[in-house]
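Tertiary structure, described
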Amino acid sequence: MNVRECHDHVRVSGVKVAAVVGCAALVLSLSGTVAQAGPRDVARQTLGENDGWGAYGTGTTGGAAADAAHVHTVTTWEQFKAALKDGGTAPRIIKVKGMIDAVSQGCEAFEAEGYDFQKYLAAYDPAVWGHDKPVSGEQEDLRAASAAQQDKVIKATVPANTTIIGVGKNSGILGGSLQIKGVDNVIVRNLTIEAPVDCFPQWDPTDDNKTGAWNSEYDGVVVYGSTHVWVDHNTLTDGRYPDSSLPSYFGKTYQQHDGLLDVVRGSNHVTVSWNSFKDHDKTMLIGNSDSATADDTGKLKVTLHHNRFEGIVERAPRVRFGQVDSYNNHFVVTKGQKWGYVYGIGKESRLVAEHNAFTLAQGISPAKILKKWNEAPVTAKANYVNGKAVDLIAVHNAEIPGETLQSGAGWTPTLRAGVDPAKAVPGIVDARAGAGRVC
């Protein structure tokens, strides 16, 4: 059997052994003999058998079958978008070389004529506008027109049968939004993705119990109504523009970020593996609305394994409807950081969270790892907090009795390529998750 990546496990005569050969590709025969394999093209790698929900049914192969005419290497955002459009749904591979910038000209390039942020603030100051009705009028119309121009530029629509992969250790996308919408069979790997910055957030005076809030658009990666998607070995982060750098207006943070990775609207059979999620607030939604019953019931089957989350405030993930399997992930909450929860238990969700590791700063209770939004059962077993086994449901229910959780999600995951002991997860995941570590 081929060892596909440096972190893989293999089976020899039915016995699972750890692959400790670095990034060398070895071939292990059933007799146990070992032979050196030739060089592999990582851009043509496919999701392994049984590797999460993305392996279900037809599996996820992306653009592995692309012919030479549909293999592109791009160094600019314009080239990247052109490569996405070339060739219809024929298998394609797009190799991103270096960091490509979707907003290299700056936010000013998107401004509609007549838009003036200072005039916007003056018009909708709560002292003038109040909190009883949404904003409207000239400056809001110009803000919306400016936002529409940004939307057109920074969103990149990904077709079916596509692999997008970064070249080497320092390649990725700054400020762009990958839209995997209504398609099947997509792979996204080895990219550093800096979250898009919304240049034109909208002020909603009626939000947050009529105290107002700034609401932004654009996720780093959106999986919308799509199937068989593999997101692997990426680093997703706020990068140069952390929330701590954002100003405040009307007493509220001028929020310019939305999610890092959302899986929504009937998407199904997705594997998210070996990624690094860093320094972000609302990180991941699996299901984006309680009202999406028609789209989401029986779908949103997602596996999360061997991902690292650090500096994350909430939604890692927040789940509605889906059968979500989260195992062997490492969650780090540092001293002094803003933090709400890890797993959000939402409407009709069926989350299984097992064999994960949590490193919490002193004084932070593991009771907040789980957050109940709706009545839904959850399985949470064999998880470790600061090196010790902790029953996450029991500690949550004991400390937060007003949000008592039901134990037992009602299903047992079978699509797992290999499960590491939770105690070993920090060392394994921290060394191997994120961009630049595909081999």
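These remarks concern the structure in this document.

Regarding the sheet that holds strand β26 (residues 308-314)
- Read across the open sheet, the 10 strands follow the order β7-β10-β13-β18-β23-β26-β29-β32-β35-β36; overall the sheet is mixed. Strand pairing shows two members of the sheet lacking a second neighbour, β7 (99-101) and β36 (388-390), which therefore form its edges. Mean inter-strand twist for the sheet, computed between neighbouring axes without regard to direction, equals 25°.
- Both strand β23 (residues 276-282) and β26 contribute to a ladder of five bridges, which runs parallel. The partner of lysine 278 across the bridge, within β26, is glutamate 310.

Concerning the side chain of serine 273
- Tracing the sequence through the fold places serine 273 in strand β22 (residues 268-273).
- Once you skip the residues sitting within four places of it in the chain, serine 273 turns out to touch Trp230, Val231, Asp232, His233, His305, His306 and Asn307.

Observations concerning the state of the cysteines
- All chains considered together, the criterion is met by one disulfide.
- Through a disulfide, cysteine 107 is tied to cysteine 199; the S-S separation comes to 2.0 Å. What sets the handedness of the cysteine 107 and cysteine 199 disulfide is the S-S torsion sign, and at about -70° it is left-handed. Separated by 92 residues along the polypeptide, cysteine 107 in the loop between β7 and α2 (117-124) and cysteine 199 in the loop between β13 (192-194) and β14 (202-204) bring together distant segments of the chain.
- On the basis of relative accessibility, which here comes to 28%, the residue cysteine 107 falls in the partly exposed class.

Here we look at the sheet that holds strand β5 (residues 71-74)
- With parallel pairing, 10 strands are arranged side by side in an open sheet as β5-β6-β9-β12-β17-β22-β25-β28-β31-β34. Each edge of the open sheet carries a strand with a single partner, namely β5 and β34 (378-381). For this sheet, the mean inter-axis angle between neighbouring strands, taken without regard to orientation, is 10°.

Thresholds, definitions, all that
Residues numbered from 1 in each chain as written. Predicted model: local features only at pLDDT ≥ 70, side-chain atom pairs only at ≥ 80, totals over all residues. Heavy atoms only, no water. Pairing = 2+ DSSP bridges. Helix = DSSP H or I, 4+ residues; strand = E, 2+ residues; numbered from the N terminus. Axes fitted to C-alpha atoms, helices over the stretch in contact; angles between N-to-C directions. Contact = heavy atoms within 4.5 Å. Disulfide = S-S within 2.5 Å. Buried < 20%, exposed > 50% of the residue type's maximum accessible area, 1.4 Å probe, protein only.

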